[in-house]
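So you can see what is in the structure, the chains are spelled out below.
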Amino acid sequence: MKWLFLFVVLLNAGFLGWHGFVKDKPKVVQESVYGPPVSEKIHLLSEGSANGEQVTHSNVASNESLEEALNRVIDQTVAKSPALLCPRMEMERQEDKKQITQALNDFGWSYKEQEVTGKRPKFWLYIAAPDTPATAAKIVKDLASKSVDSFVINRAEMKNRISLGLYSSQERADQAKQRIQNISGYTVDVYEHMRNVSLQQVDIAQPVSEKDWERFVSRLDLTKMMIKLEKNPC
């Protein structure tokens with residue numbers, strides 16, 4: 001009976017010791033590992049890009065970062081796409097607009113026209129006022145005999161000046177000035193000023209490539225027609 005009691009005591013002591021050891025052992029908390037949703041596809045650098053070009057270790061320079069390599073591929077993709085233009089042309093003379101619209105019709109391009117008002121430099125040719133109105137009238141008569149159109153101005157500060165015409169460009173005004181001086185012998189002056197005039201705008205209403213635009217421009221001398229040319233991107 002004494003040995004049975006001793007065995008029970010030892011058994012209880014062993015159980016209490018084992019239970020204390022298990023309770024004191026810390027429990028390891030495992031963190032969840034994030035993974036992207038299975039519906040999203042991950043593209044590796046070794047896989048083909050949208051335009052079929054691959055970024056591999058062979059075409060990335062040793063001193064080129066991953067971001068630089070990706071930017072280079074994007075830039076190359078953009079460069080392969082042709083730039084499209086929707087140009088706007090602005091001119092003053094109706095004759096110039098007719099030539100441009102005829103060329104647009106020949107190319108089969110759609111376009112829109114509108115008339116706007118804007119300030120443009122004008123170049124007025126004149127002969128300085130002589131001493132008397134009679135002398136001014138005599139100069140006008142002399143110019144008429146040499147096929148030069150002119151008239152005497154009767155307004156205040158310009159009184160007795162002899163008007164020879166208004167020009168839209170410095171080049172044309174200078175040419176007319178030289179011609180009149182050569183055939184008449186009179187000194188001709190040029191007065192530049194700004195005036196409100198009607199301007200013609202023509203917008204190409206469809207995208208055109210740079211190459212097609214160059215073909216169109218080669219048919220016309222736009223430098224003499226255009227007041228303003230805008231090669232607007234579409």
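Residues numbered from 1 in each chain as written. Predicted model: local features only at pLDDT ≥ 70, side-chain atom pairs only at ≥ 80, totals over all residues. Heavy atoms only, no water.

Description of the overall build of the chain
Phase 1 of the analysis: Within the chain, the secondary structure is distributed over seven helices and eight strands.
Phase 2 of the analysis: Per-residue burial for the chain yields a buried fraction of 26% across its 234 residues.
Phase 3 of the analysis: At a minimum sequence separation of 6, the contacts of the chain that also span at least 24 residues come to 77%. (Helix = DSSP H or I, 4+ residues; strand = E, 2+ residues; numbered from the N terminus. Buried < 20%, exposed > 50% of the residue type's maximum accessible area, 1.4 Å probe, protein only. Contact = heavy atoms within 4.5 Å.)

A short note on the pattern of salt bridges
Between side chains of opposite charge, a pair can form as their charged atoms come close.
Phase 1 of the analysis: Taken as a whole and judged by the stated rule, the model has nine salt bridges.
Phase 2 of the analysis: Ionic pairing is found between R219 and D106, a salt bridge with its closest N-O pair at 3.1 Å. Of this pair, R219 sits in the loop between α6 (210-217) and α7 (222-225) while D106 sits in helix α3 (residues 94-107), and the two are 113 residues apart along the sequence.
Phase 3 of the analysis: Note on D106: relative accessible area 44%, which makes it partly exposed.
Phase 4 of the analysis: Of the charged contacts, one joins D212 and R215 as a salt bridge, the two residues approaching to 3.1 Å between their closest N and O atoms. Remark: R215 and D212 occur in helix α6; sequence separation between them is three residues, near one turn of the helix.
Phase 5 of the analysis: Residue classification places D212 among the partly exposed positions, given a relative accessible area of 27%. (Salt bridge = Lys/Arg side-chain N within 4 Å of Asp/Glu carboxyl O.)

Re helix α4 (residues 133-145)
Phase 1 of the analysis: The first and last C-alpha atoms of α4 sit 19 Å apart over 13 residues, in line with the 18 Å expected at 1.5 Å per residue.
Phase 2 of the analysis: Burial in α4 covers these residues: A136, I139, V140 and L143. With its buried residues spanning 100 degrees around the axis, α4 presents them on a single face. Of the exposed residues in α4, the ones pointing more than 90 degrees away from its buried face are A134, K138, K141, A144 and S145.
Phase 3 of the analysis: In the core, the buried residues of α4 are packed alongside β3 (111-127), β4 (151-152), β5 (162-167) and α5 (170-184).
Phase 4 of the analysis: Phi turns positive one or two residues past the end of α4, at S147, with a value near 65 degrees. (Expected span 1.5 Å × (residues − 1). Arc of directions from axis to C-beta.)

Focus on the state of the cysteines
Phase 1 of the analysis: Going through the model one piece at a time under the given rule, you end up with one disulfide.
Phase 2 of the analysis: What pairs with C86 in a disulfide is C234, and their sulfur atoms sit 2.0 Å apart. Here the S-S torsion is close to 110 degrees, and the disulfide linking C86 with C234 is therefore right-handed. Placement of C86 in the loop between β1 (84-85) and β2 (88-91) and of C234 in the segment after β8 (228-230) is noted, with a sequence separation of 148 residues between them. (Disulfide = S-S within 2.5 Å.)

Here's the deal with the side chain of D203
Phase 1 of the analysis: Note that D203 resides in strand β6 (residues 189-204).
Phase 2 of the analysis: Looking at D203, its side chain comes within polar contact range of the side chain of R88, at 2.6 Å.
Phase 3 of the analysis: Among all residues touching D203, those that are not within four sequence positions of it are P87, R88, S110, Y111, K112 and Q114. (Polar contact = N/O pair within 3.5 Å; in protein donor to acceptor, adjacent residues only side chain to side chain.)

Observations concerning the packing of α3 against α6
Phase 1 of the analysis: Running from N to C, α3 and α6 point in directions that differ by 130 degrees, and their axes come no closer than 11 Å. Taken as axis vectors, α3 and α6 run oblique relative to one another. The handedness of the crossing between α3 and α6 comes out as right-handed. Along its contact with α3, which presents I100, A103, L104 and F107, the element α6 presents D212, R215 and F216.
Phase 2 of the analysis: Within the contact of α3 with α6, the residues separate by chemical class into five nonpolar, no polar and two charged. (Axes fitted to C-alpha atoms, helices over the stretch in contact; angles between N-to-C directions. Parallel < 35°, antiparallel > 145°, perpendicular 65-115°, else oblique. Left-handed = near helix turned anticlockwise from the far one by under 90°. Nonpolar A, V, L, I, M, F, W, Y, C, P; charged D, E, K, R; others polar.)

A short note on the environment of S150
Phase 1 of the analysis: Relative to the helices and strands, S150 is located in the loop between α4 and β4.
Phase 2 of the analysis: A residue is classified by how much of its surface remains accessible, and S150, at 18% relative accessible area, is buried.
Phase 3 of the analysis: Between the alpha carbons of S150 and V140 there is a distance of 6.0 Å; along the sequence they are ten residues apart.

Points about the packing of aromatic side chains
Phase 1 of the analysis: Under the defined criterion, the tally for this structure stands at six aromatic pairs.
Phase 2 of the analysis: Arranged with centres 5.5 Å apart and planes meeting at 35 degrees, the rings of W109 and F216 form a pair that is tilted. Note that W109 is positioned in the loop between α3 and β3 and F216 in helix α6, a separation of 107 residues in sequence. The two residues W109 and F216 agree in class, both being buried.
Phase 3 of the analysis: One aromatic cluster is present, formed by F107, W109, W213 and F216 through successive ring pairs. (Phe/Tyr/Trp six-rings, centres within 6.5 Å; stacked < 30°, edge-to-face > 60°.)

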